[in-house]
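Residue-level structure breakdown
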Amino acid sequence: MDDLERLADEIERAETVVAFTGAGISAPSGVPTFRGEDGVWERFDEGQFTYGRFRRDPEGFWADRLELHEAMFGDGYEPNVAHEALASLGAADHLDAIITQNTDGLHERTLPADEAQTNEERQNDTGINFDEGNRNGSDTDRDAETTLLELHGNAHRAVCAMCSRRIDAKEARERVVAGELPPTCDCGGTYKPDVVLFGEQLPGATLQRARSLARESDVFLAIGSSLVVEPAASLPRAASSTGATLGIVNLESTPCDDATEIVHREDVTAALPELEALLLE
């Protein structure tokens, strides 16, 4: 039995399965990574995209943010077969939750609108209701629900720093292009990209939920992540501490490999469809 077959067997027997994804699952879609060769921070100064700079110089921050957004998302991109495989596993009740470090919104686009992080969960983080009309979703009917937690936010939304109202980030960018620097909310607050900037803490309720899901999991899959960015990288260890089977699908080695039951070295766009076939055949 090879490692993917072992992983499929563990998932078949599990009650709760959680997937944790990093940049490696979106790179095949054309989304550039932040670090490494040809990474975004090779072309941009990450020090210009801090929360401190947003507070101190929102006009300059937003002017630079337009250029960064164009570099990251200007060519457009679509979910790839790895995203689709996870969505299919969720629909077949083989996957209960996806926790992602990515801000590209690709997981969200493969799940029905009501299966991403719920309105109630967003309200726990922000104290306000999220406008469901701003969320993208698949039209495909799904029998099972898959929780999606976007640990670092979603670059396709903007949030008011004062009242927490959210809008489509495209609207905020269009305002900037039209000369509204910075883009402001009706309450007088300034919109910021709905992502965790350098110098910001992860939303407490979302991180707590992610840790709870990790501890409750019977199988925890780390997919396309180097597992070096904290606190998200601590999630596999949280799962392991309560007896979960750890599976890592990644091209490169990670700090968690030695403590992991199953390590599979393959491109995620090949490995995840293979895993899907084993479970859904």
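Residues numbered from 1 in each chain as written. Predicted model: local features only at pLDDT ≥ 70, side-chain atom pairs only at ≥ 80, totals over all residues. Heavy atoms only, no water.

1. Here's the deal with the pairing of strand 6 (residues 191-195)
- In terms of burial, strand 6 is a largely internal element, five of the five residues being buried.
- Looking at chain direction, strand 4 (residues 153-160) and strand 6 are connected through four bridges and run antiparallel. Bridging across to strand 6, Gly153 finds its partner in Val195. (Buried < 20%, exposed > 50% of the residue type's maximum accessible area, 1.4 Å probe, protein only. Helix = DSSP H or I, 4+ residues; strand = E, 2+ residues; numbered from the N terminus. Pairing = 2+ DSSP bridges.)

2. Regarding empty space enclosed by the protein
- Throughout the structure, instances matching the rule amount to two cavities of 30 Å³ or more.
- Approximately 40 Å³ is the volume found for the largest cavity.
- Contributing to the lining of the largest cavity are Trp62, Arg65, His69, Ala155, Ala169, Arg173 and Pro193.
- Of all the elements in the fold, those that place two or more residues in the lining of the largest cavity are helix 3 (58-73) and helix 7 (169-177). (1 Å grid on protein atoms, 1.4 Å probe; cavity = no way out; pocket = protein on both sides within 12 Å on 5 of 7 lines; lining within 4 Å. Points joined across faces, edges and corners; volume = space filled by probe spheres on them.)

3. Re the packing of helix 4 (residues 81-91) against helix 10 (residues 268-280)
- For the pair helix 4 and helix 10, interaxial distance at closest approach is 8 Å and the crossing angle is 25°. Relative to helix 10, helix 4 is oriented roughly parallel. With respect to the hand of their crossing, helix 4 and helix 10 are arranged in left-handed fashion. Packed against helix 4, whose contacting residues are Val81, Ala82, Ala85, Leu86, Ser88 and Leu89, the element helix 10 presents Val268, Thr269, Leu272, Pro273, Leu275, Glu276, Leu279 and Leu280 at the interface.
- When the residues that make up the contact of helix 4 with helix 10 are grouped by side-chain class, the tally is eleven nonpolar, two polar and one charged. (Axes fitted to C-alpha atoms, helices over the stretch in contact; angles between N-to-C directions. Parallel < 35°, antiparallel > 145°, perpendicular 65-115°, else oblique. Left-handed = near helix turned anticlockwise from the far one by under 90°. Contact = heavy atoms within 4.5 Å. Nonpolar A, V, L, I, M, F, W, Y, C, P; charged D, E, K, R; others polar.)

4. Quick notes on the pairing of strand 7 (residues 219-223)
- Most of strand 7 sits inside the fold, with five of its five residues counted as buried.
- Alternating positions in strand 7 separate into two faces, Val219, Leu221 and Ile223 on one and Phe220 and Ala222 on the other, with burial throughout.
- Sheet topology note: the strand 1 (residues 17-21)/strand 7 ladder contains five bridges and is parallel. Counterpart to Thr21 in the pairing with strand 7 is Ile223.
- Alignment of strand 7 against strand 8 (residues 245-249), held across five bridges, turns out to be parallel. Residue pairing in the sheet places Ala222 in a bridge with Ile248 of strand 8.
- Between the parallel elements strand 7 and strand 8, the chain passes through helix 9 (residues 235-241) in a crossover that is right-handed. (Right-handed = clockwise from strand over helix to strand, strands pointing away.)

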